[in-house]
Amino acid sequence: MMFPFLKTAIHNAFTKPSTEAFPCPEGEGLGHYRGRIFFNPESCVDCGMCIRVCSPAAITVEREEVEGGVNITRTFDLTSCTFCATCEDFCEEGSIKMTTDYHMVGTKHEDLIVSGTTFKKKVLGNLVCDQDNCIYCGLCARNCPQNAITVDRTTKTWTVDHEKCVKCGICIGKCPKKVLKFEEPKEEGVVFDAEKCVYCTLCAKKCPVGAIEVDRATKTWTINRENCIKCGACVKGCPKQALSMGPIED
Amino acid sequence: MFNKLINDSAAKSPWLYHINSGSCNGCDIELVACLTPRYDAERFGFKLAGTPRHADIVVVSGPITSQSRERLIRTLAQVPEPKCVVSLGSCPKSGNVFKGSYSVEAPLDNYCHVDVSVAGCTPKPEAIMEGLYKAALILKEKREAMHK
Amino acid sequence: MIIIRSLFYILIFPGVLFTAAFGLFLAGVDRKVVARMQHRIGPPLRQPMYDFFKLLGKETIIPHAANKIAFLAAPVIGFVSLALIMLFIPIFNFTAFSGSADLIVILYLITIPGVALIVGGSSSGSPYAGIGISREMVTMMAYELPFVLILLAVARKAGGDTLAFSMETISKWQAANGSMIAQWSMIPAAIAMLLVIPAEVGTQPFDVAEAETEICEGPLIEYSGAPLGLFKLNTAMKMLVMSGLFTSLFFGGIRTGFYILDVIVFMLICVAVTIVCMSTIHAVTARLKIEHLFKFFWTFVSGLALVSLILVWCGL
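Draft legend 1. Seen up close, the overall build of chain A. Of regular secondary structure, chain A possesses 7 helices and 14 strands. Taking 250 residues into account, the globule formula puts the C-alpha radius of gyration at 18 Å, and chain A, at 32 Å, lies well above it. Counting only C-alpha atoms and orienting by the principal axes, one finds that chain A spans roughly 120 × 40 × 30 Å. The burial tally for chain A puts 22% of its 250 residues in the buried class. A separation threshold of at least 6 residues defines the contact pool for chain A, and within that pool the share at least 24 residues apart is 71%.

Draft legend 2. Structural context of the overall build of chain B. When its secondary structure is counted, chain B shows 5 helices and 5 strands. Listing each helix as α and each strand as β along chain B from the N terminus yields α-β-α-β-β-α-β-α-β-α. The globule rule puts the C-alpha radius of gyration for 148 residues at 15 Å, and the 15 Å found for chain B is close to it. Counting only C-alpha atoms and orienting by the principal axes, one finds that chain B spans roughly 55 × 35 × 25 Å. The burial tally for chain B puts 56% of its 148 residues in the buried class.

Draft legend 3. Structural view of the nonpolar core. All names here are of chain C. Membership of the largest hydrophobic core comes to 104 residues, with the highest contact counts inside it found for L26, I150, A153, V154, A189 and A305. In terms of residues, this core owes the most to one element, helix α6 (residues 127-159), which gives 15 residues. With near-sequence residues (within four places) excluded, I150 lies in contact with A189, A192, M193 and A305.

Draft legend 4. Main features of the pairing of strand β12 (residues 212-215) of chain A. Residue and element names in this part refer to chain A. Relative to strand β13 (residues 220-223), β12 runs antiparallel, the two being bridged by 4 bridges. Within the sheet, the bridge partner assigned to E213 lies in β13 and is T222. The turn joining β12 and β13, which pair antiparallel and follow one another in sequence, is formed by 4 residues; a positive phi near 55° is taken by K219.

Draft legend 5. Structural detail: the interface of chain B and chain C. Counting residues at the interface gives 19 residues for chain B and 27 residues for chain C. When residues in the side of chain B that touches chain C are grouped by element, the largest group, 5 residues, is from helix α1 (residues 3-12) of chain B. Residue composition of the side of chain B that touches chain C, grouped by class: 6 nonpolar, 6 polar and 7 charged.

Draft legend 6. Seen up close, the sheet that holds strand β5 (residues 116-118) of chain B. What the 6 strands build is an open sheet, ordered β5(A)-β5(B)-β4(B)-β3(B)-β1(B)-β2(B); its pairing is mixed. With partners counted over all chains shown, the strands left at the sheet margins are β5 (105-106) of chain A together with β2 (47-48) of chain B, one partner each. Direction of pairing for strand β1 (residues 15-20) of chain B relative to β2 of chain B: parallel, over a ladder of 2 bridges. Following the sheet pairing, L16 of chain B is matched in β2 of chain B by L48 of chain B.

Draft legend 7. Seen up close, the interface of chain B and chain A. The partner chain A presents 23 residues to the 25 residues of chain B that form the contact. Of all the elements in the fold, those that place two or more residues in the side of chain B that touches chain A are α4 (91-94), β5 and α5 (125-146) of chain B. Considering each element in turn, the side of chain B that touches chain A owes the most residues, 6 residues, to α5 of chain B. Pairing between β5 of chain A and β5 of chain B: 2 bridges, direction antiparallel.

Draft legend 8. Quick peek at the environment of I64 of chain B. All names here are of chain B. Checked against the element boundaries, I64 lands in the loop between β3 (57-61) and α3 (66-77). Overall, the presence of 26 C-beta atoms within 10 Å leaves I64 in the buried class. With 41 residues separating them in the primary sequence, I64 and E105 have C-alpha atoms 5.0 Å apart. Those residues in contact with I64 that lie beyond four places of it in its chain are S21, G22, R69, L72, P92, V104, E105, A106 and L108.

Draft legend 9. Geometry of the pairing of strand β9 (residues 157-160) of chain A. Residue and element names in this part refer to chain A. Taken together, the 4 bridges between strand β8 (residues 149-152) and β9 define a ladder with antiparallel strand orientation. Opposite T150, over in β9, you have T159 as the bridge partner. What sits between the antiparallel neighbours β8 and β9 is a turn of 4 residues, in which K156 has the positive phi angle 55°.

Each value, and the rule that gives it
- Residues numbered from 1 in each chain as written.
- Chains lettered and ligands numbered in written order.
- Predicted model: local features only at pLDDT ≥ 70, side-chain atom pairs only at ≥ 80, totals over all residues.
- Helix = DSSP H or I, 4+ residues; strand = E, 2+ residues; numbered from the N terminus.
- Rg over C-alpha atoms; globule rule 2.2 N^0.38 Å.
- Buried ≥ 20, exposed ≤ 12 C-beta atoms within 10 Å, placed from the backbone.
- Contact = placed C-beta atoms within 7 Å.
- Core = buried A, V, L, I, M, F, W, Y, C linked by C-beta atoms within 7 Å.
- Pairing = 2+ DSSP bridges.
- Nonpolar A, V, L, I, M, F, W, Y, C, P; charged D, E, K, R; others polar.

Set out below in structure tokens:
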């Protein structure tokens, strides 16, 4: 009958036990431990990337319209979180951090929720790209958290889906040529190309509200924008394709 | 006469019973790590009991799978009063990544009143001990309320 | 007058109160020493007392399939018999009740707590309890044989040519001729007794009957509340009874002259016996299977006791 542990046991009985004190001393040897989430609402741009990558869907958002913008409350449910830190990795602005705080014990659900409110000013306008200077590198498309931008290098096209775009502005920061910006959509109306026009006055005759005035003698073409109903009859009737519907340059 | 002694003893000698309702075993390992020499939960009187009839604190881990749901309810009914239920990890509280699955029936709040929840995936043994300590104090309050 | 004295012996010292209190203390010492050997802090010495009082405050659930009377009476029977045994064990000079056949009475009474566990387990109506009680029965059969041989050896040694079953006679013989432990022919019997004690008490490595997570605590599976508290108290009292029996059988020759000092020395030797035979073996071994346990007791331990018996019978 062998008792291999006997000597160790008797020796242990006379030495100091190796138990840690309780409550345990703070912050020793925790290293990169992923504990309670720390959220900084000031730097959040509401790109929605954290919600996309969170596997247990622990992050929820509530938006409340106020004057001048939106109040965005982001809630991190620690009782659902799996502490993978993917949200920390993907957050561009660094607003989410995993602290080393492991004391996550609560008797009520409210003890285990981290939330913060951001105020986001209303962004007027949609995303536009100055296609003359764009090099079609695709960095904006790759970094878009909602996959709203499509860039094709071979055909040199740049498109954005305005429904998906959340106007976070991350693409603007990533563009190396600084060709992206939010622009108020220009009013659409009849565009006049002076080089192609022969002043035949057909458009003035076709206009149902009489908004166009053409003078053959002085070679002037004017349109009363207030009366124009944008029906497009003048565009269809022009034999020289000097008129088109598009954004009006003032 | 002995009432005060009995009430005090309720917090000083809490016996644990652990139910694994479909857990990945991560939280189970950390729970028994609490009883190792480094964290030593036994110095507060914690002891793992072999049967739910001996238990004071029931520790539940795992999202409640459909197969274990019936057994969980029956086991919880076998624990004598006063008792405390502790949900260990984020699975029993919300289902964690298994939310919405066809065979997962979290949260535990649907089946019993959860007294303490320890969040984490998995929670550290120090956090588990804090949660168990809190549960022991709640036990004392329950015992006092039982025999007012 | 004699009634008051008897009541004092039965209820206070060395009866119910002393056995319960000191038994719980010994159980606490056992847990603390095991913890220290495992290099951790361990529960306070009063922990079994807290356990007992907490159990008094819990709800008692009686299962539907259980036999109510046997279920509730079993722990009480064990408790009463253990308190009774302590009255027959002399504390060196002093015996509460002594007759001419003390050892036989003790032998019979010591089986009762085991039987109470078996009755309690079988009346719970649980199949796990059924497995537990069959193991408890085998354990009892296993340790009864060497136990009887040890008692016979001690009785023969103290009686000379006859068998002296009276504890008072054994105590007086040791005072005159030196403690039994000092007689070289009784040393195998002492070692055998040290191995029988953990089996009687039900501590590792011989706890295959109860307190086992494999069969959900065996006979105690359906107990809760006050009856369970009584069963745990029985275990603690049995620790005292067995170590007390060992002390008075093998160390009974110590006479300090002062009565209080006698009691203190008795208690200290009980603590030492607990630490040596219960805690140390608990900390360094795993649990034996039932067939290994049976074989161990009927070969090795019985062999030791038999050696002592033969030596004593030959007059050595």
